[in-house]
Amino acid sequence: MIRLFFALIGILIGIIIGFLMPYTYNASYSLYISVAILACLDSVFGGIRSNLEKNFNINIFISGFFGNAALAAFLAYLGDKLGVPLYYAAIFTFGGRLFENFAKIRRIILFRRKETN
Amino acid sequence: MGDIMRRHNPKIILTIFSIIVGIFIANQIKLKLETFTPVTIKSLQATKAEITSVNNEISELNKILKAKEEELALLENIAMGDDNILDILKNDISYNKLYSGQTSLKGPGIVIKMYDNPEERSYGFDLNDDLIHDVDILNILNDLKIAGAEAISVNGERVLSTSEIKCAGPTIRINGRSTATPFVIKAIGDPKLLYASVNAPGTYGDILKIYSIGFETTVEDMLYIPGYKGVFNYRFAKPLGEDD
């Protein structure tokens, strides 16, 4: 079961490190960061899924991790400038994909268990 | 591609990146943000309206501030210029007291001394004909006013527009105080006119003499008339333009 929760453990470790870190950023960036967090989370879930599917590619993962985060943050920023909440696009896309990835992960794990049983 | 996968354990990489995500999440939590609500056009407009209303309020307050500052500057100027305001107010008070009859006055005028029939023999059949009545005083005062008397007193009581002359048996009451004969009426004004108004043939004073009532008039170069000593207390009358 450990192999399923390594991402969760990583996030928990990250939260602990983040709380211990003395640095904080300006509160006005919080919207961009929160959308970026969603994109990163989606990338991590996608990575777990691809790992379970045995086709994990580090280049795709890293480029997705940072690219998606940057794009989501940029969309939020652009939306702010245009007066249109463009970050909705990021929220819906990455939020939807997050659940999609989670669904696939569940299926993979459950079916694998069935096979082993 | 195969060796990259082998060289980098995906689990380790995923854990590392999960840590990065966790750090960001922790930072976000540390900011302790208020519940974040997306900015809708409606809320934008509401905020805009609020800001404009507040700005209007500020500009109105600034206008008031400006007016008050001007007022203050005026008062400060008065204060700087050797106690101008005090002099102005003092002048105001003395002026108002003078014309409301609260100031003692001096000037030329006449003194009328009135008393009941001093002779033992009665003038007529009616005893009342020998006595001075409130009406007699009132008529004399009216004659003096017609002749342009500027200040009148009866037995030391200043006669104002509100002063009553009330019959109280053998005495009369004026300004709420009883006085008895002899009645000394002082009037400041043109002495000749005042003298004529009560002594010329056919005047009320002349008729009183016929009734053998004591009536002596003397012209004085310098008279002293005291001010009104009572307190004005209007219960019903109010200045126009305050409550309406």
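Bear in mind the structure is a predicted one, so any value in this text is a computation, not a measurement. (Residues numbered from 1 in each chain as written. Chains lettered and ligands numbered in written order. Predicted model: local features only at pLDDT ≥ 70, side-chain atom pairs only at ≥ 80, totals over all residues. Heavy atoms only, no water.)

On to the overall build of chain B. Helices and strands together make up the secondary structure of chain B, namely seven helices and eight strands. Counting the 244 residues in chain B, one finds 30% classified as buried. A sequence separation of at least 24 residues applies to 74% of the contacts in chain B between residues at least 6 apart. Carbon and sulfur atoms make up 58% of the accessible area of chain B, which amounts to about 16600 Å² in all. (Helix = DSSP H or I, 4+ residues; strand = E, 2+ residues; numbered from the N terminus. Buried < 20%, exposed > 50% of the residue type's maximum accessible area, 1.4 Å probe, protein only. Contact = heavy atoms within 4.5 Å. Areas by Shrake-Rupley, 256 points an atom, 1.4 Å probe, with all protein chains shown as cover.)

Attention shifts here to the confidence of the model for chain A. Confidence in the prediction for chain A averages 84 pLDDT; 95% of positions are at 70 or higher. Looking over chain A, one finds the lowest element-wise mean pLDDT in helix α1 (residues 2–20) of chain A, namely 79, and the highest in helix α3 (residues 58–82) of chain A, namely 88. (pLDDT = per-residue confidence, 0-100.)

Turning to the sheet that holds strand β8 (residues 214–225) of chain B, a few remarks are in order. Residue and element names in this part refer to chain B. Strand order in the open sheet made by the five strands is β3-β2-β7-β1-β8, with antiparallel pairing throughout. Unpaired on one side and paired on the other, β3 (157–158) and β8 mark the two borders of the sheet. In this sheet, β8 lies alongside strand β1 (residues 105–115) in antiparallel orientation, the contact comprising ten bridges. By the bridge assignment for β8, Gly109 is matched with Glu220. (Pairing = 2+ DSSP bridges.)

Residues and elements named next belong to chain B. Orientation of helix α5 (residues 134–146) relative to helix α6 (residues 191–199), taken along the N-to-C sense of each, is 145°, at an axis distance of 9 Å. As for the relative orientation of α5 and α6, their crossing is right-handed in sense. Where α5 approaches α6, its residues Ile140, Asp143 and Leu144 are matched on the opposing element by Leu194, Ser197 and Val198. Of the residues belonging to the contact of α5 with α6, the class tally is four nonpolar, one polar and one charged. (Axes fitted to C-alpha atoms, helices over the stretch in contact; angles between N-to-C directions. Left-handed = near helix turned anticlockwise from the far one by under 90°. Nonpolar A, V, L, I, M, F, W, Y, C, P; charged D, E, K, R; others polar.)

Now for the interface of chain A and chain B. Contacts between the two partners involve 38 residues from chain A and, on the opposite side, 28 residues from chain B. Between chain A and chain B the total buried area reaches about 3100 Å² when both faces are included, carbon and sulfur atoms providing 78% of it. Our enumeration of links across chain A and chain B arrives at zero salt bridges. Taken together, the links from chain A to chain B amount to two residue pairs in polar contact (both at pLDDT 80 or more). (Buried area = accessible area lost by both parts, 1.4 Å probe. Salt bridge = Lys/Arg side-chain N within 4 Å of Asp/Glu carboxyl O. Polar contact = N/O pair within 3.5 Å; in protein donor to acceptor, adjacent residues only side chain to side chain.)

The geometry of an aromatic ring pair is captured by two quantities: the separation of the ring centres and the angle between the planes. Considering all chains together, one arrives at twelve aromatic pairs over all chains under this definition. Aromatic side chains A:Phe66 and B:Phe17 sit 5.8 Å apart centroid to centroid with 70° between the ring planes, which places their arrangement in the edge-to-face category. A residue pair is termed interchain when its members come from two chains, as with A:Phe66 in helix α3 and B:Phe17 in helix α2 (residues 10–30). A residue is classified by how much of its surface remains accessible, and B:Phe17, at 9% relative accessible area, is buried. Ring geometry for B:Tyr228 against B:Phe232: centres 5.2 Å apart, planes inclined by 35°, an arrangement best described as tilted. (Phe/Tyr/Trp six-rings, centres within 6.5 Å; stacked < 30°, edge-to-face > 60°.)

Further remarks concern the confidence of the model for chain B. In this model, chain B carries an average pLDDT of 85, and 91% of its residues clear a pLDDT of 70 or more. Considering each helix and strand of chain B separately, the mean pLDDT is smallest for helix α1 (residues 2–7) of chain B, with a value of 51, and largest for strand β7 (residues 183–188) of chain B, with 94.

This part is about the pairing of β1(B). Strand direction decides the pairing type here: β1(B) and β7(B), joined by six bridges, are antiparallel. Among the inter-strand pairings, B:Ile112 is bridged to a residue of β7(B), identified as B:Ile185.

All right, on to the sheet that holds strand β4 (residues 165–168) of chain B then. Residue and element names in this part refer to chain B. Pairing is antiparallel in the open sheet, where three strands are placed in the order β4-β5-β6. Each end of this open sheet is capped by a strand with a single partner; those strands are β4 and β6 (177–179). Across the sheet, the mean angle from the axis of one strand to that of its neighbour is 35°, orientation sign disregarded. Against the sheet, α5 makes contact with β4 and β5 (171–174), and its axis sits at roughly 160° relative to β4, the strand it touches most.

Counting residues in hydrophobic clusters, the biggest one holds 40 residues, and the most contacted among them are A:Val44, A:Ile48, A:Phe61, A:Phe65 and B:Val21. Counting residues per element, the ones that place at least two in this core are α1, α2 (30–52), α3 and α4 (87–116) of chain A together with α2 of chain B. Considering each element in turn, this core owes the most residues, 13 residues, to α2(A). If sequence neighbours within four positions are ignored, A:Val44 has contacts with A:Ala7, A:Phe61, A:Phe65, B:Leu14, B:Ser18 and B:Val21. (Core = buried A, V, L, I, M, F, W, Y, C linked by side-chain atoms within 4.5 Å.)

A surface patch of nonpolar side chains, about 500 Å² in accessible area, is lined by A:Phe5, A:Leu8, A:Ile9, A:Leu12, A:Ile13 and A:Ile17. Its location among the elements puts A:Phe5 in helix α1. (Patch = residues over 30% accessible without salt bridge, like charges linked within 9 Å, V, L, I, M, F, W, Y side chains within 5 Å.)

Residues and elements named next belong to chain A. As a packed pair, α2 and α3 sit with axes 8 Å apart at the nearest point and diverge in direction by 155°. What the angle tells us is that α2 and α3 run roughly antiparallel. Handedness of the crossing formed by α2 with α3: right-handed. Within the contact between the two elements, α2 uses Leu31, Tyr32, Val35, Ala36, Ala39, Cys40, Asp42, Ser43, Val44 and Gly47 and α3 uses Phe61, Gly64, Phe65, Asn68, Ala69, Ala72, Ala73, Ala76, Tyr77 and Asp80. Residue composition of the contact of α2 with α3, grouped by class: 14 nonpolar, four polar and two charged. (Parallel < 35°, antiparallel > 145°, perpendicular 65-115°, else oblique.)

Right, let's talk about the side chain of B:Thr15 for a bit. By secondary structure assignment, the location of B:Thr15 is in helix α2. If we ignore the near neighbours within four places in the chain, the residues touching B:Thr15 are A:Phe6 and A:Gly10.

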